[in-house]
Amino acid sequence: MHIYLYEPRSNAFRGLLSRLDEAQWEPVAVNDDLFDRELDLLGADGYADRPVLLAEHPRLVEHISRLRRAGCRNPILVLRMARDPKAAMDALDAGADDDIVGPVTGLELRSRVNAITRRFHGHAAGALRIGDITAYFDGRDPDVGGQPMKLSQRELAIFQQIALAAPRVVSKSVIYDAVYGMAQDQPFDKVIDVYICRIRKKIEEMSPSGDPHIRTIRGRGYKLAPDSEAETAQDRPARLRVAAGSGSAHEVQKAQL
């Protein structure tokens, strides 16, 4: 998982890198240019879940304010080395989501970000049950039919984007940007289809109902839903046309209802 890291002090930066590495973060170092000229980078689809970790700094509140005024919805976390209630209040009032007094482990930081992210997507609990699947928002593999389903790191990243969006549809471009947007070597977007095919097969093999649960919504993207809830709006016009062509006016009206 990617994280934007603003830490202008070189010694502290190296220490943070080692702590982030233990939680399998992929830090992207940013400097003042991000806040002065590159704020549009955070506005792309798929980038809104990427947290921004800001070390305490004289321009901290200014940086947070500029991010929020630019429409940045990313989780913003402040890391400071000593407790300072007044400074923490200023940062939170400016738009920060959390203000942490270090030292902090990478795993604790990951849990804090997960909590912010799932609430941003409308999920209060740390897990979501859909059909035969239990999806976790803390980095664990999902359960299918009560049994853990092993996913590769890339498969899990893609699955979590679909689970976070549930019950809404998430586009392929959002998934791609969230998973590959910062990679130096970016594959073709068809790779998302390949991974989703693999995930579906694993779910289908483990599901007691044999249901792959991940639906393709033509022209829109993907949705996590059991077979009983898989019907989409794009399916209804076809049924209405059948009803209109073969039934009475009363039957058509019932079909529309």
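Quick caveat, the model's predicted, so the values are computed rather than measured.

Trainee: For this particular structure, what's the right way to read the environment of Asp 32?
Mentor: For Asp 32, the location among the structural elements is in helix α2 (residues 32-36). For Asp 32, a relative accessible area of 27% puts it in the partly exposed group. Once the C-alpha coordinates of Asp 32 and Arg 59 are considered, the two residues, 27 residues apart in sequence, prove to be 9.5 Å apart. Setting aside residues no more than four positions away along its own chain, Asp 32 makes contact with Tyr 6, Arg 59 and His 63.

Trainee: It is not clear to me how the nonpolar core should be interpreted in this structure. Could you clarify?
Mentor: Note that soluble globular proteins tend to have their nonpolar side chains buried in a common cluster. Counting 31 residues, the largest nonpolar core has Ile 158, Phe 159, Ile 162, Ile 175, Ile 192 and Leu 224 as its most contacted members. Mapped by element, the contributors of at least two residues to this core are β6 (127-130), β7 (133-136), α6 (153-165), α7 (172-180), α8 (190-206) and β11 (221-224). Core analysis: the second largest hydrophobic core is formed by 17 residues, Tyr 6, Leu 54, Cys 72 and Ala 96 among them.

Trainee: What exactly am I supposed to notice about the layout of surface pockets here?
Mentor: It is the rolling of a water-molecule-sized probe over the atoms that shows where space remains empty. One number sums up the size of the largest pocket: a volume of about 590 Å³. In terms of lining, the largest pocket is formed by 25 residues, of which the most central are Met 1, Arg 110, Leu 156, Ala 157 and Gln 160. It is α6 that provides the largest number of residues to the lining of the largest pocket, a total of 7 residues. Tallied by class, the residues present in the lining of the largest pocket amount to 9 nonpolar, 9 polar and 7 charged.

Trainee: How should the sheet that holds strand β8 (residues 143-144) be read in this particular structure?
Mentor: Within a beta sheet, neighbouring strands are joined by backbone hydrogen bonds and run either parallel or antiparallel to one another. If you trace the 4 strands from one edge of the open sheet to the other, you get β6-β7-β8-β9, paired in antiparallel fashion. Each end of this open sheet is capped by a strand with a single partner; those strands are β6 and β9 (147-148). Bridge count for β8 against β9 is 2 bridges, and the pairing is antiparallel. Following the sheet pairing, Val 144 is matched in β9 by Gln 147.

Parameters at a glance
- Residues numbered from 1 in each chain as written.
- Predicted model: local features only at pLDDT ≥ 70, side-chain atom pairs only at ≥ 80, totals over all residues.
- Heavy atoms only, no water.
- Helix = DSSP H or I, 4+ residues; strand = E, 2+ residues; numbered from the N terminus.
- Buried < 20%, exposed > 50% of the residue type's maximum accessible area, 1.4 Å probe, protein only.
- Contact = heavy atoms within 4.5 Å.
- Core = buried A, V, L, I, M, F, W, Y, C linked by side-chain atoms within 4.5 Å.
- 1 Å grid on protein atoms, 1.4 Å probe; cavity = no way out; pocket = protein on both sides within 12 Å on 5 of 7 lines; lining within 4 Å.
- Points joined across faces, edges and corners; volume = space filled by probe spheres on them.
- Nonpolar A, V, L, I, M, F, W, Y, C, P; charged D, E, K, R; others polar.
- Pairing = 2+ DSSP bridges.

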